[in-house]
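A structural walkthrough
This is what each chain is made of:
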Amino acid sequence: MVHHDDLVDGTILQFCDDNHKRILCTSCPRTLSGAYRTMELRFAKKHIETERHERNVEKARNGQTASLNPVFKARPVKKSLKKPNRSIMEFRLSRHSFMDADDFSMEMGIHDTPDTMDLEIPLSELLDDIARSRTVEFSEGVTDVFAELQETLASGQVPFSTPLAPITEDDELVDYGAPDFGIEIPDIDFPETRAILDTDSPTYPWPLKADFVTALLFSSPRLPFSDAQKKATLNWAKELGARNVPSLYAIKKCQKFVEDLLGQPTEKVTARSGNTFYINNIAKAISHDYGNPLTHFAMQDYPEDGGKGMSQVFNGKKMLLDLPSPPAARVEGKVFFVNELLQDTSGDYFIPERFFLGSSSVDDDVEHCEKSDAKILYALGRAVQRTDAGFIVNDEQEIIPTSMFVRSYEDIASTGELDCGLTASSVQYASLAPNPLREKAQGRMVYAVPLIIFMDDVSGNISKQWNKHHAVYMSNANLPREMLEKEFFVRFVTSSPHAAPMELMRAMKDSLCDAADSGIITWDCKDQEEVMLIPYGLFIAGDNPMQAEECSHAGLNCNYFCRTCDVGGTKEYKSSNEGYNSIFTSGNLRTPEKTAESIRHQFDAAMKPGATTKVQNAMSSTGIRDSASASILESLVELGKKLRKREPGSQATSESEVIAALEKEFEEQLQGAALDDAINPLLGMNGISMHLDTPTEILHTILLGVVKYFWGQTVFLLEKAKILHMFQSRLESVDSDGMNAPSLNADYICHYKGSLIGKHFKSLAQVMPFLVHDLVPRAVLNGWTIIGELVALVWHTTIPDTETYLAKLSRTIEDFLNVTAQCAPSILISKPKFHFLVHLPAYIRRFGPAIVFSTERYESFNHVFRLSCIHSNRRAPSRDSCRQFAYQDIVKHIATGGYWYDPNVKKWIRGGEQVISYLGEHPEQARLLGISSIICEPLLPGSGNTETVMNATGKAQRAEAVKWSDTRCAKILGTTHSSTSYYRGKSLVTSTGEQAGLDSHVIFRRSGKMSIGRIREILISLDTGTTVEQVSLQHFSFGPALHPSLCLPCLHLMDDEIVSTAADIICIVNVQHNCIDSKCTDMRRQRIYQERIETARTKAVVEHRPTPLYFLNTYSIHNCDHIQMAIPEALRSTPLRVINPADVRALAVQQLKDKKAAKKAGEVPPSQEANTVEEGAQGATAPAPAFDRAPAKSRAATKPKGKASASTRGKKKAASSVVEQPVDRPSGQQPTSSVEQPVAGPSRQQPTLSVQQNPMAMSYQFVPSPLQALHHPPPLQIRPLQTSHHPPLPPSVPSYPYAGSPRLRDTHAPPVHPTHIAPHLGSQLTHTMHHSHTTSGHQSRHLLQPTPAYAGLHAGTMQHAFMSPQHTYPQPQAQAQMYRLYQQPYQMAQPHMPAVQIHSQPQAQAPHPQYLEHRMHSQGT
């Protein structure tokens, strides 16, 4: 290999600097000032190979410099001569644009010549050089320069510029160089000089690196710049003395040049309604994916049979079986198409019908597929036998690997073997014609590209004023799920503030179909060849209202509310036994054909008399309403009403004339098109069955749906019971380590409880059971535990066994709906999102894990779109957005090494070397593009960070090493004789690439099994300073059964520790302290940090008692796959919360009927507190719904306006977490309060029943002080931490771990003890209840008498005790009786706290006293 240094001979090429980095050429013409042209050393070889250099060297050797022509004697340039400072790039465009191609890529400069040089240059060559450097080349004809100069002068611009070098010496005023015979024209138009650019330039397609870096900065999606900001940024760079800073005009010229070079994808669209908007051509975006190594090397071009499991969208049933197969496969350089005859290695004939990837054995499970990196391409098809009668196609399909393919269709057809044709029985299976794509592809490989399409409405304003835009995005479904989640891979398609959603969708469909019909020719950067792409739609994502519109559905408020099936009916039907039970299952699936038929029926009805009623009935009876043709339908109805209306004194229009006028109007509205072309464009879209391809979206259906509903109702209970501050204190104390839930800001969540978004609900769903286990009724707690299971299941990223997973998911959804029927029967009718969960398992089977069709990534991209709207002039919002995103995609494509076709050089090219390598060298810029995690190197598993200490200067430095004998690992292993030293680490990188710090809980391998442990010590090698050598772990042991109330695995922290290696640490997990069994009721004050400074303000948090009892949080989404594998097999299945669903649903229907009857009669339904459902000869009593109840207020106190609502909007803000001092009350005053219960939907005021009328009613009265009148919780004095002595549990209650019957956990909660600690009371409570009567005028109540068994209560506490003996599962009747007793709180023993009135059942109905659960909550729960 020739080195560049060897090319410098010292005569023709000479070094011109001390570092030997730059050279000058003595044979080539010099600059106007007489200095030699210089270049970087790396361009030497290229320079001497140019024709121009060889010609000049030949002239020098022939002595042509001593010609008869007059010569110009160059004066030696002094070393003090400095290069002119051209900070605004005044001349770089004109000079660089007109150089020879070989000189364009070199960095030109003026360098001092040796003082001894006194060379002569022929004047003719000098004049030629001057003319060459001052001549403008035009690509199209001759331009009138004089007219351009006049136009420039008229515009007020300066046409000429004559910069001078800085004057440092007097003699520099004398120009010893050649006279300036020319002028320089600034800002040459780039598109006219594109042919001059050298494609081998290191900054191609930008002239200089400064242009590229500036374009990259100004193309950051989340850092947009307006023109004013761009000017300010460029001026800032100039003021700091930056070199080659381009002007804004030059930047725009560069942008125009680059856009024209790669192709401008923005196209204008005019809808049938006349609306005008713009769309980015889909073919351009898809071609970039295959021409970009960042995307194409990660893509999978064929669907994959994942065996038992699935993890990607190409593992789903639709791509694998339902969609048309990828059209071709390449084997040994030959292209084989589907539905074409071929011959395999055995000599047999075969017709492939579908190509797919699989493991070495198709029947292997997913684990084997993951272990085997190599995936085999298979073909599903039919064997063919050649006979004298013709080819016989087998009626059974078989699978063979494509590696067996030998002869293609072309090979067989060329020999005349196809002349015999097919037999009559084989025509139904295949044909002997070639695939139509073979001729269209012209020898190219053909791939299919599935697309995920998303549409949403988003505001284009930065303020709260709604500026509605509809936007359409898309993603390439061949990409893996991990890359689909990245913002970088979301493609903008179109948007408009004027056009209707279905008009945008029609334009998208037309663009997609055009690309599929013509095929997309692009460059395959993996195989380095041209290929053809065939795009198609996979599914359409969006929120529920948008998906309903895309399905021509009337929406969530219609009678038949489901867009997927025909479940629903009138309100009376849905309240019946049959209708209510239908909500729990899927109905008959809708089809595009039936939907189109319903739309045509509505148009037929619009032509008939009474069209308004008939059309409305047609819509209400089917739930079909097509928004695309709604304007036409409405105009026909209105015109029919007008024509049939008889004016006084005039003759009525005949029906035939009315029909003729309506048909004429109909034809005019269709504008010559057919009705099928005017209705929903997705109805006839190839590959899309819109009712099956609009999957249940988990963000809006689960987080912003059912979780939000439960949150609102739960907060209502907590607020009315004045215990929201207790919930906040517990939320402050939650351990979020290992949960990846940064949105657990307790103060924000409790303060803005009515304005939370998806990320808050996702975090709350993972911890709510730990916070409300003793604050809400048991049915509500069951609902939150099932929500935790549901969220963890749905957000699974890898499904190891699809059938097992879907069975568990279906079971969980059904159990959740049953619990919801217990809590709020009417919410299942009024909120369709509960029913949408029924279809979720089918969509997962069809498209892969639910996170694949989640819209979180697109909702996040809405922010990028909003920024593009804000930083535009808003004159042409659709066009500006399309062009801005198109240019951003172009810049990202070039910067990441993408290829494009250059029509000037007639080949596929890519950016220059400096352009392609820039993002890898500048991770901060890659972070702005959203690909830092892909380009940058990930954390190295097994590495760690050492502990640091502050030095004398206040800076952090590495702590000193410790001897092996002083470490915990040495004490555990018992080897203290080693003299090795280590650094102590503060964190390490697990096998999954995440950081785990000291005291973090992790899953690690121990003796071939997965265990849970806590990191106690990390030792890092002295040699590398990053490699973790030893890790000390304190491991946990699992309890024998799940916790009875939370249904979670119980952990016991062992005293002994073990030593492991960093390679055995798999991942971090979330572990919560078992405050239920540990009786963590103490509170302590914790300082509040503001602005990273510890303030004097404090907040109340739970003081965890030092017990070894913990919970493994299986509700955590993060690393849920590893968590399930670490749990023992016996603890992986949770019990059903509702074991008698038929009874629960029948009771719910009865409650709906009683509620309706009571509403009609204006009375409180007698079944509100307890209802009996006949079951054979026995009746089962169940509690009233926890949510679905009307507030118990008298009608006299009911206001005529302002109905109560379950929503928290408009409520006064909750009490601060910083608890204030109690407010004194007048002597003898008792706190009273009327507590209400929420109801699903608008609340109804109900009269209050007295204790005598309703012995089951519970109420407590609280009279607030003047400062507490605005819904603040009662004041509670929390003193510094005190030691609380809790009595041992009664002998009948099994201690941890639970040793009771496995079925015990289905119904009973563990012992729960006080939540707050306050001054010790001298009084004690008895274990038995004594009935005492008060004087006349007071309600009777049961008081808890003192007993030594439960000493230690303090002021402000709530006593919740539930004792569970070992017994068999109770019968439904006993269970219902016990549940009613769970709802009865007991009186508190402090004057300033609410006086709780307890009403018990008759002694004959009460179960064993140990079944009692002591709860204080709002009235009637």
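Brief notes about the overall build of the protein chain
Helix and strand counts for the protein chain stand at 45 helices and 42 strands. In the protein chain, 72% of the contacts between residues at least 6 apart in sequence involve partners at least 24 apart. Put simply, the protein chain shows about 63,500 Å² of open surface, and 51% of that area lies on carbon and sulfur atoms.

Some details on the sheet that holds strand β15 (residues 445-459)
In spatial order, the strands read β6-β7-β17-β16-β15-β19-β18; together these 7 strands make up an open sheet with mixed pairing. Edge strands, defined here as strands with exactly one partner in the open sheet, are β6 (266-270) and β18 (520-524). Across the sheet, the mean angle separating the axes of adjacent strands is 30 degrees when strand polarity is ignored. Where helix α17 (residues 501-518) meets the sheet, its contacts fall on β6, β7 (276-280), β15, β16 (468-476), β17 (491-496), β18 and β19 (529-541), and the angle it forms with β19 comes to roughly 150 degrees.

What to know about the confidence of the model for the protein chain
When pLDDT is averaged along the protein chain, the result is 77, and 71% of the positions lie at 70 or above. Ignoring residues within four places in sequence, the model shows residues 162-195, a span with pLDDT below 50, making 64 contacts including any to other chains. Within the model, the stretch residues 1189-1421 combines pLDDT values under 50 with 496 contacts to residues more than four positions away or in other chains.

Quick word on the pattern of salt bridges
A complete count under the given rule lists 38 salt bridges for this structure. A salt bridge links R491 to D289, with the nearest nitrogen and oxygen atoms 2.6 Å apart. Pair noted here: R491 is in strand β17 and D289 is in helix α10 (residues 282-291), with a separation of 202 residues, a long-range link. You can call R491 buried: its relative accessible area is 12%. Classification of D289 by relative accessible area gives buried; the value is 6%.

Structural notes on the nonpolar core
Core analysis: the biggest nonpolar cluster contains 224 residues, and W206, I702, W711, F727, L731 and I844 have the highest contact counts within it. Of all the elements, helix α26 (residues 698-720) adds the most residues to this core, at 12 residues. Judged by nonpolar contacts, the second largest core, of 16 residues, contains I1012, I1066, V1069 and I1127.

With respect to the packing of aromatic side chains
In this structure the tally under the stated criterion is 35 aromatic pairs. Note on Y748 and Y752: the rings are 4.9 Å apart at their centroids and 40 degrees apart in plane angle, and the pair reads as tilted. Aromatic ring contacts, followed pair by pair, group F454, Y473, F492, Y858, F861, F865 and F885 into a single cluster. Positioned above the aromatic ring of F836, the side-chain terminus of R563 is 5.4 Å from the ring centre. Above the ring of F584, the side-chain terminus of R1145 is found at 3.9 Å from the ring centroid.

Remarks on the sheet that holds strand β1 (residues 13-15)
Read across the open sheet, the 3 strands follow the order β1-β2-β3; overall the sheet is antiparallel. Both edges of this open sheet fall to β1 and β3 (38-40), since each of them pairs with a single strand only. The average angle at which neighbouring strand axes cross in this sheet is 35 degrees, direction not considered. With 3 bridges joining them, β1 and strand β2 (residues 22-25) adopt antiparallel strand pairing. For Q14, the partnering residue across the bridge sits in β2 and is L24.

Looking at the side chain of N782
Note on placement: N782 falls in helix α31 (residues 778-794). In this view, N782 contacts V819 and R1137; residues no more than four positions away in its chain are not counted.

A few points about the environment of Q888
Its location among the elements puts Q888 in helix α37 (residues 877-895). Q888 sits in the buried class, given a relative accessible area of 5%. In sequence terms Q888 and S219 are 669 residues apart; their C-alpha atoms lie 5.2 Å from each other. Non-local contacts of Q888, meaning those with residues more than four positions away in its chain, are made with S219, S220 and P221.

Here's the deal with the packing of helix α22 (residues 611-622) against helix α23 (residues 630-644)
It is at 9 Å that the axes of α22 and α23 come closest, and there the two elements cross at 150 degrees. By the criterion of interaxial angle, the relationship of α22 to α23 is roughly antiparallel. Here α22 contributes A611, T612, V615 and M619 to the contact with α23, which in turn contributes L633, V637 and K641. Considered class by class, the residues forming the contact of α22 with α23 number 5 nonpolar, 1 polar and 1 charged.

Section: the environment of I909
Here I909 shows up in strand β21 (residues 907-910). Measuring from C-alpha to C-alpha, the distance between I909 and Y899 comes to 5.4 Å, with 10 residues separating the pair along the chain.

Some words on helix α9 (residues 248-262)
For an α-helix the count is 3.6 residues per turn, leaving residues at separations of three or four pointing the same way. Compared with an ideal rise of 1.5 Å per residue, which puts 15 residues at 21 Å, α9 spans 21 Å between its outermost C-alpha atoms and is within 8% of the ideal. Looking at α9, one finds that the buried residues are L248, A250, I251, C254, F257, V258, E259, L261 and L262. Residue G263 follows α9 closely and has a positive phi angle near 100 degrees.

Considerations on the side chain of S495
Here S495 shows up in strand β17. For S495, the residues in contact, after removing those within four places along its chain, are F277, Y278, H470, A471, F865, S878 and S881.

Details of helix α21 (residues 592-606)
Between its first and last C-alpha, α21 extends 21 Å over 15 residues, near the 21 Å set by a 1.5 Å rise per residue. Packing partners of the buried residues in α21 comprise α22, α23, α24 (655-670) and α25 (675-678).

Section: a negative patch on the surface
Among the surface-exposed residues, E267, D510, D514 and D517 lie close enough to one another that they form a single negatively charged patch. Examining the composition of the negative patch, we find that 3 residues originate from one element, α17, more than from any other.

Quick word on the environment of R444
Here R444 shows up in the loop between α15 (436-441) and β15. In this structure the C-alpha to C-alpha distance between R444 and I521, which are 77 residues apart in sequence, comes to 9.0 Å. Those residues in contact with R444 that sit more than four places away from it in its chain are V335, I521, E530, V531 and M532. Polar side-chain contacts of R444 include one of 3.0 Å to the side chain of E530.

Observations regarding the pairing of β16
In terms of burial, β16 is a largely internal element, 8 of the 9 residues being buried. As paired elements, β15 and β16 share 9 bridges and run antiparallel to each other. The partner of D456 across the bridge, within β16, is A471. Note that β16 and β17 share 5 bridges and pair antiparallel. Residue pairing across strands places Y473 opposite F492, the latter belonging to β17.

Regarding a positive patch on the surface
Taken together, the side chains of K571, K1156, K1159 and K1160 make up a positively charged region of the molecular surface. Counting residues per element, the positive patch draws most heavily on helix α44 (residues 1141-1161), which supplies 3 residues. If you trace the backbone, K571 turns up in helix α19 (residues 571-574).

Describing unusual backbone geometry
In the segment running from Y204 into P205, the intervening peptide bond is cis, with an omega of 10 degrees. Relative to the helices and strands, P205 is located in the loop between α6 (145-154) and α7 (209-218). Although it is not a glycine, S552 sits at a positive phi angle of roughly 55 degrees. Its relative accessible area of 0% is what places S552 among the buried residues.

Reading the values: rules and limits
- Residues numbered from 1 in each chain as written.
- Predicted model: local features only at pLDDT ≥ 70, side-chain atom pairs only at ≥ 80, totals over all residues.
- Heavy atoms only, no water.
- Helix = DSSP H or I, 4+ residues; strand = E, 2+ residues; numbered from the N terminus.
- Contact = heavy atoms within 4.5 Å.
- Areas by Shrake-Rupley, 256 points an atom, 1.4 Å probe, with all protein chains shown as cover.
- Pairing = 2+ DSSP bridges.
- Axes fitted to C-alpha atoms, helices over the stretch in contact; angles between N-to-C directions.
- pLDDT = per-residue confidence, 0-100.
- Salt bridge = Lys/Arg side-chain N within 4 Å of Asp/Glu carboxyl O.
- Buried < 20%, exposed > 50% of the residue type's maximum accessible area, 1.4 Å probe, protein only.
- Core = buried A, V, L, I, M, F, W, Y, C linked by side-chain atoms within 4.5 Å.
- Phe/Tyr/Trp six-rings, centres within 6.5 Å; stacked < 30°, edge-to-face > 60°.
- Lys NZ or Arg CZ within 6 Å of the ring centre and 35° of its normal.
- Parallel < 35°, antiparallel > 145°, perpendicular 65-115°, else oblique.
- Nonpolar A, V, L, I, M, F, W, Y, C, P; charged D, E, K, R; others polar.
- Expected span 1.5 Å × (residues − 1).
- Patch = residues over 30% accessible without salt bridge, like charges linked within 9 Å, V, L, I, M, F, W, Y side chains within 5 Å.
- Lys, Arg positive; Asp, Glu negative; His and termini not counted.
- Charge placed at Lys NZ, Arg CZ, Asp CG, Glu CD.
- Polar contact = N/O pair within 3.5 Å; in protein donor to acceptor, adjacent residues only side chain to side chain.

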